[in-house]
Amino acid sequence: MIQKLQIGFIFIIMYVSLNHLFYPDLILQLTNYGHWGVVFCQGLLQLFLIWIYIKGLSYFPQQDVIDICLKIGKPIAFILLIPFVISLTVLVTINNRLHTDVIISIFLPRTPSWPVLVLLFFITTYIALTGLGTILRASFFIFFMVIPLLLMITFTSFINIDWYNAAPIRPPSINFLIEKNFFYLMGYSAFLPLGFMVYKTALTFRSIFLAWMCVMFFSLSSVYIPLLIFGQESAISLTFSMVRAIYTVDVDWFFLNKQSMFLGLSLIGFTVILNAVLLWVIGRIMQKLLRWIKVEISYWIIAFSVVAFLGALMVPSLAWTERIFFWSVGAQVFFMIIIPLTIYIYGFIIKRRTAFYEEG
Amino acid sequence: MENLVKEIQNMFSDHADFFMEKEIKDSTPIYLMGFNTLIDLTKSKLYVRQIAGTSASVQELFINLSDQLEIDSEQIIHALLKGKLVIVSEKDERNAIVDPISRNLTRSIAEPLSESPLLSSVDAFGEDIDTNIGLIRKRLNTERLYHGSFEIGEFESRKLSMLYIKGKAPDALIGEIKRQINQIDTDIDTVEDLNKYFGERRFSIVSHVFQTELPNEATHFLKKNRVVLFLDNYPFALVFPQTLMDMFNVSSDRNYPTVIAYVIRTLRAIGAIVNVLLPALYVSVVSVNPEALKIDLALFVSESRQGIPFPALVETITMVVLVDLTLEAIVRLPKSVGPTITMVGGIILGQAMVEAKLVSPLLVIVITAIVISGSVVSGIQNSLYIRLLRYPILILASIFGLLGMFIGFLFILVYLASLKSNGIPYTTFHINRKGDAK
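The structure displayed is predicted, hence computed values, not measured ones.

### Focus: the overall build of chain B
Line of reasoning, step 1. Within chain B, the secondary structure is distributed over 15 helices and 12 strands.
Line of reasoning, step 2. Here the C-alpha radius of gyration of chain B, 29 Å, is well above what a compact globule of 438 residues would show, namely 22 Å.
Line of reasoning, step 3. The burial tally for chain B puts 50% of its 438 residues in the buried class.
Line of reasoning, step 4. For chain B, long-range pairs separated by at least 24 residues make up 64% of all intrachain contacts whose partners lie at least 6 apart in sequence.

### Re the overall build of chain A
Line of reasoning, step 1. For chain A, the helix and strand inventory stands at 14 helices and 0 strands.
Line of reasoning, step 2. When its helices and strands are written in sequence order, chain A yields α-α-α-α-α-α-α-α-α-α-α-α-α-α.
Line of reasoning, step 3. Referenced to the eigenvectors of the C-alpha coordinate spread, the extents of chain A come out at roughly 70 × 45 × 40 Å.
Line of reasoning, step 4. Of all 360 residues assigned to chain A, the portion counted as buried reaches 59%.
Line of reasoning, step 5. Restricting the contact set of chain A to residue pairs at least 6 apart, pairs at least 24 apart contribute 83%.
Line of reasoning, step 6. Accessible surface, chain A as shown: approximately 14,900 Å² in total, 69% of it carbon and sulfur.
Line of reasoning, step 7. Here chain A contributes 21 positive and 13 negative side-chain charges, whose respective centroids are spaced 12 Å apart.

### As for the sheet that holds strand β3 (residues 68–69) of chain B
Residues and elements named next belong to chain B.
Line of reasoning, step 1. Spatially, the 5 strands line up as an open sheet ordered β1-β2-β4-β5-β3, and their pairing is antiparallel. The open sheet has two free edges, formed respectively by β1 (18–25) and β3, since each of these has just one partner strand.
Line of reasoning, step 2. Strand direction decides the pairing type here: β3 and strand β5 (residues 95–98), joined by 2 bridges, are antiparallel. Paired with Gln68 across the strands is Ile97, a residue of β5.
Line of reasoning, step 3. This element, helix α4 (residues 73–81), spans β1, β2 (28–35), β4 (85–89) and β5 of the sheet and lies at about 55° to β2.

### Some remarks on the interface of chain B and chain A
Line of reasoning, step 1. Each partner contributes residues to the interface: chain B has 27 residues there, and chain A has 36 residues.
Line of reasoning, step 2. Summed over both partners, the interface of chain B with chain A buries about 3,000 Å², with 78% contributed by carbon and sulfur atoms.
Line of reasoning, step 3. Here chain B and chain A share 1 salt bridge between them.
Line of reasoning, step 4. Here Asp250(A) ties to Lys294(B) by a salt bridge, and the two come within 3.2 Å at their closest N and O atoms.
Line of reasoning, step 5. Counting the contacts that link chain B with chain A gives 5 residue pairs in polar contact (both at pLDDT 80 or more).

### Side note on the UniProt feature "transmembrane region" (unreviewed entry) in chain B
Residue and element names in this part refer to chain B.
Line of reasoning, step 1. The positions that UniProt labels "transmembrane region" (unreviewed entry) are, in the present scheme, residues 360–380 and 392–417.
Line of reasoning, step 2. Split by type, residues 360–380 is 71% helix and 0% strand. Its first and last C-alpha atoms lie 30 Å apart.
Line of reasoning, step 3. The straight-line gap between the two end C-alpha atoms of residues 392–417 is 18 Å; of that span, 96% is helix and 0% is strand.

### Remarks on the pairing of β2(B)
Consecutive side chains of a regular strand alternate in pointing toward one face of the sheet and then the other.
Residue and element names in this part refer to chain B.
Line of reasoning, step 1. For β2, the tally of buried residues reaches 8 of 8 residues, placing the bulk of the element in the interior.
Line of reasoning, step 2. Taking every second residue as pointing to the same face, both faces of β2 are buried, with Thr28, Ile30, Leu32 and Gly34 on one and Pro29, Tyr31, Met33 and Phe35 on the other.
Line of reasoning, step 3. Here 8 bridges tie β1 to β2, and the two strands are oriented antiparallel to one another. Each residue of the ladder has a partner; that of Glu21, found in β2, is Leu32.
Line of reasoning, step 4. Remark: 2 residues form the turn of the hairpin made by β1 and β2, two consecutive strands paired antiparallel; Asp26 in that turn has positive phi of roughly 55°.
Line of reasoning, step 5. Summarising the sheet, β2 and β4 pair through 4 bridges and their orientation is antiparallel. Following the sheet pairing, Met33 is matched in β4 by Val86.

### Here's the deal with the confidence of the model for chain B
Line of reasoning, step 1. Scored by pLDDT, chain B has a mean of 86; 98% of the residues are at 70 or more.
Line of reasoning, step 2. On the interface metric, ipTM, the complex scores 0.91, and its pTM is 0.88.

### Thoughts on the nonpolar core
Line of reasoning, step 1. Grouped together as the largest cluster of nonpolar side chains are 192 residues, with contacts concentrated most on Phe11(A), Phe84(A), Phe191(A), Leu194(A) and Ile268(A).
Line of reasoning, step 2. Per element, the largest residue contribution to this core is 20 residues, and it comes from helix α12 (residues 260–289) of chain A.
Line of reasoning, step 3. Excluding anything up to four places from it in sequence, Phe11(A) contacts Ile50(A), Phe191(A), Leu194(A), Ile208(A), Ala211(A), Trp212(A) and Val215(A).
Line of reasoning, step 4. Ranked by size, the runner-up nonpolar core spans 24 residues in total, among them Leu173(B), Ile174(B), Ile177(B) and Val209(B).

### Description of the packing of aromatic side chains
Line of reasoning, step 1. The final tally for this structure, using the stated rule, is 43 aromatic pairs over all chains.
Line of reasoning, step 2. Where Phe84(A) meets Phe335(A), the ring centres are 5.1 Å apart and the plane angle is 65°; that geometry is what we call edge-to-face. Of this pair, Phe84(A) sits in helix α5 (residues 74–106) while Phe335(A) is found in helix α14 (residues 318–359), placing the two residues 251 residues apart along the sequence.
Line of reasoning, step 3. Accessibility expressed as a relative area gives 4% for Phe335(A), which makes it buried.
Line of reasoning, step 4. Where Phe125(B) meets Phe230(B), the ring centres are 5.0 Å apart and the plane angle is 75°; that geometry is what we call edge-to-face. On the criterion of sequence distance, the pair formed by Phe125(B) in the loop between β5 and α5 (129–139) and Phe230(B) in strand β9 (residues 227–231) is long-range, its members being 105 residues apart.
Line of reasoning, step 5. On the accessibility criterion, Phe125(B) (1% relative accessible area) is buried.
Line of reasoning, step 6. The class of Phe230(B) is buried, set by a relative accessible area of 0%.
Line of reasoning, step 7. Counting every residue linked through ring pairs, the aromatic cluster contains Phe22(A), Tyr23(A), Tyr184(A), Tyr188(A), Phe240(A), Phe325(A) and Phe326(A).
Line of reasoning, step 8. Positioned above the aromatic ring of Trp320(A), the side-chain terminus of Arg323(A) is 5.0 Å from the ring centre.
Line of reasoning, step 9. Sitting over the face of the ring of Tyr262(B), Arg265(B) holds its NZ or CZ atom 5.9 Å from the ring centroid.

Conventions we followed
- Residues numbered from 1 in each chain as written.
- Chains lettered and ligands numbered in written order.
- Predicted model: local features only at pLDDT ≥ 70, side-chain atom pairs only at ≥ 80, totals over all residues.
- Heavy atoms only, no water.
- Helix = DSSP H or I, 4+ residues; strand = E, 2+ residues; numbered from the N terminus.
- Rg over C-alpha atoms; globule rule 2.2 N^0.38 Å.
- Buried < 20%, exposed > 50% of the residue type's maximum accessible area, 1.4 Å probe, protein only.
- Contact = heavy atoms within 4.5 Å.
- Areas by Shrake-Rupley, 256 points an atom, 1.4 Å probe, with all protein chains shown as cover.
- Lys, Arg positive; Asp, Glu negative; His and termini not counted.
- Charge placed at Lys NZ, Arg CZ, Asp CG, Glu CD.
- Pairing = 2+ DSSP bridges.
- Axes fitted to C-alpha atoms, helices over the stretch in contact; angles between N-to-C directions.
- Buried area = accessible area lost by both parts, 1.4 Å probe.
- Salt bridge = Lys/Arg side-chain N within 4 Å of Asp/Glu carboxyl O.
- Polar contact = N/O pair within 3.5 Å; in protein donor to acceptor, adjacent residues only side chain to side chain.
- UniProt positions renumbered as here; feature names shortened; annotations may be inferred.
- pLDDT = per-residue confidence, 0-100.
- Core = buried A, V, L, I, M, F, W, Y, C linked by side-chain atoms within 4.5 Å.
- Phe/Tyr/Trp six-rings, centres within 6.5 Å; stacked < 30°, edge-to-face > 60°.
- Lys NZ or Arg CZ within 6 Å of the ring centre and 35° of its normal.

If you want it as structure tokens, here you go:
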């Protein structure tokens, strides 16, 4: 029971961590009104993929994605998982860099970015090294520490909200469903790492569905807060519109100056967990794929973490960070479709084949 | 038998408290041997004479005195060291181990010294291991209570008892603890010595065991699927494994209405968090992130620090260390001197340092708050390790401000989540019967 809860928490943490920076900007660009329709359709699309993923994984009890890929064949596993590792490393790199820039703009305007990067590097590597069990347990506490902050941001932002900005409420058409950017948005989801945790606990669709509902709430709030505060016309022209929207919130009776502090803190809390999980997944894939090298998982984690850290140091500017982030998210979309489908189809074929043998 | 007497005499010739008294019974000399630091010699002799008066022969006297007759010399030495009286007759080869009238070397059941329970019984464990187990048996008179006794040590053989309720404590855990206890091949002088055998956590600041002085608490832990260990001559029950929640939950809380019990526990948790974070918060809002505060509050803070020559980190670390020193001194000093330290410390730390403009009045409030909040958690060793956790966060906060404080706290959470004793995580909420608690 508690493990299911922990999986749900980590699902929410990873989603919300990715969601808060670019996701609202992209949604605002996709349609002029009725944004909830886009968010909702996007959520359903992701839910569909998650369902396929869980269904596919359920054909192979107690086995994770790597085992299944190795079962299909070593070459397939290499072709599928090595690029996945590279894309995850890039994602960790850019995640660190992006959040460092946002954090610096909120907390430490006079500090260069490298000390903050060093700090993030150390904590993410440490968390990844402690292993999945610790990550799951720690996520439980971090969830209860950070979610109240996020809820507080959401509710205090009501001060600046103009509800008329939401109108008209009905989506204009469903043409966005065939737009490229709509599928691109799928990159802002993080259900793939769950498939690497199944050896610890079985995934059930029900617990993930409850977590998904929670994620939908935060997705909607991250889109609607900037929209309701600035209006569609202004919000569309801003980068990090959610962060800027929170910047404007100032509660009279509160002892802190700006609510953006809380946003910064919650972003850190979520990002370190997300990055730690990604690093752990990378380490596990490398260890299982290159089994003949006999290197412990911790060395892989440290190696890739150092690579990600150096990469993050070398990104020259925020413009570059954004560009690379979009590319890596694009790669994520690719894997998000390919991996669940591969597992599902392979599982389906295997099941048909065994059924055929049993009959015949 | 002459040999035996000589052998024993030689062996204990360096022991000034060893006695060998000659008595005559039926014109047969018999020797009484023992340690007069363990045995009340006068009363014991009187007892032997009384029995001798009613016995017809030397043989009958031996039988009347003891049922341990004709023991080999190795066991005799062992018995002597344990505080028994040994009687040896000079002529024939007869000896007996007698339970003498012992000196009273243990205190009787007293009130707890390190814990002060409210709305609960106020007896506490003492040094004698049998009395301690008796205190548990009195409360938990069920046949499912298992009591295993071990003798451990290299030089001394110290008694260690292990208690659990059969069918409650996880089997895997029990097996593992028994294996670890059987591995012990050195003397166990302290709890930390014992900790070393309980798995890989050599340099951890969190102990594997939770210590309590109260029989009520120990019984409660037994019912909560734990294992309780007792060391002879150590007046605490060692509850294995310790979890994070033990810091906030005290069994006597449940004598209050449920809502109040939960409020008290929440207060303890808040106390622990405040104790860890408050000095770091002070340092970060004063030196790194003053803009985080509302302008009038920021002005007030900076005004209170006007004229203070130290940077905030030095100021805070000085005060925190001073307070920790004071606490340590009060614990060490006799009760007659302790109050003096309290008074002098209070006046100098609070009043004089502010007046001399060495620290800000705001910091004095912060320090007072952490001293109070650090003492609300249950278990002395827990409040000590919480005090220790403050320092790394303080240093991170002085470099990165609020960000450093938050990341330091994350570090601590992850560190605590990574601790395990025999496969049971420190941050677990409930220990399942079958053991695979998460």
